[in-house]
Amino acid sequence: MLNANHAALFFTVAMLAVTTYFLFGSIPLLILKHDNTMDAKFIRSFYITYFKFAIVAATAAAISYTFAARPALALGAASIAILTLVLRYRFIPQMDQLGSEIRDNNLMAIPDFRKIHKTAILLNATQLMTVLGGLSLM
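Notes on the structure follow.

### Looking at the side chain of Asn124
Right, so step 1: Tracing the chain through its elements places Asn124 in helix 4 (residues 109-135).
Right, so step 2: Among residues more than four places away in sequence, those in contact with Asn124 are Thr19, Phe22, Leu23 and Tyr50.

So this is what it looks like as structure tokens:
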């Protein structure tokens, strides 16, 4: 029988899997020059997918931790879900704008796009470390 603790464990593993998969998938994308719209579109779609999976996994983890009577972990997972939602609505429009500028041959947009990409990787790594750190509280 699946109880709240099992669900919390399942969704914690889901958060770890999603975060790790997309972290390790995003780092090799840095080899792209980011100098054409296809690179920008691919990276953008990669992060849209990540944000969707991460928000669902973190929200489900927060709910399951609440039912498992683990308020600190529920708060942590909810914080990750909220942060991911904020990042999604901050980074994707910037990527859209910079992708348009790259298409219009604005060479200054390329380093800005790479900076957003690197920032997203750093924040993704921070989320992974947060989830791993939370495991010590389980």
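From this point, the discussion proceeds with the structure in view.
### Comments concerning the packing of helix 2 (residues 37-67) against helix 3 (residues 71-103)
Right, so step 1: The contact between helix 2 and helix 3 brings their axes to 8 Å, and the two run at 165°. On the basis of the axis angle, helix 2 is roughly antiparallel to helix 3. Here helix 2 and helix 3 pass one another in a crossing that is left-handed.

### Here's the deal with the packing of aromatic side chains
Right, so step 1: Summed over all chains, the structure comprises eight aromatic pairs.
Right, so step 2: Seen from their ring centres, Phe46 and Tyr47 are 5.6 Å apart, and the 85° between their planes marks the pair as edge-to-face.
Right, so step 3: Site record: aromatic cluster; members linked through ring pairs are Tyr21, Phe22, Phe46, Tyr47, Tyr50, Phe51 and Phe53.
Right, so step 4: The ring of Tyr89 has Arg88 sitting right over it, with the charged end atom 4.7 Å from the ring centre.

Calculation criteria
- Residues numbered from 1 in each chain as written.
- Predicted model: local features only at pLDDT ≥ 70, side-chain atom pairs only at ≥ 80, totals over all residues.
- Heavy atoms only, no water.
- Helix = DSSP H or I, 4+ residues; strand = E, 2+ residues; numbered from the N terminus.
- Contact = heavy atoms within 4.5 Å.
- Axes fitted to C-alpha atoms, helices over the stretch in contact; angles between N-to-C directions.
- Parallel < 35°, antiparallel > 145°, perpendicular 65-115°, else oblique.
- Left-handed = near helix turned anticlockwise from the far one by under 90°.
- Phe/Tyr/Trp six-rings, centres within 6.5 Å; stacked < 30°, edge-to-face > 60°.
- Lys NZ or Arg CZ within 6 Å of the ring centre and 35° of its normal.

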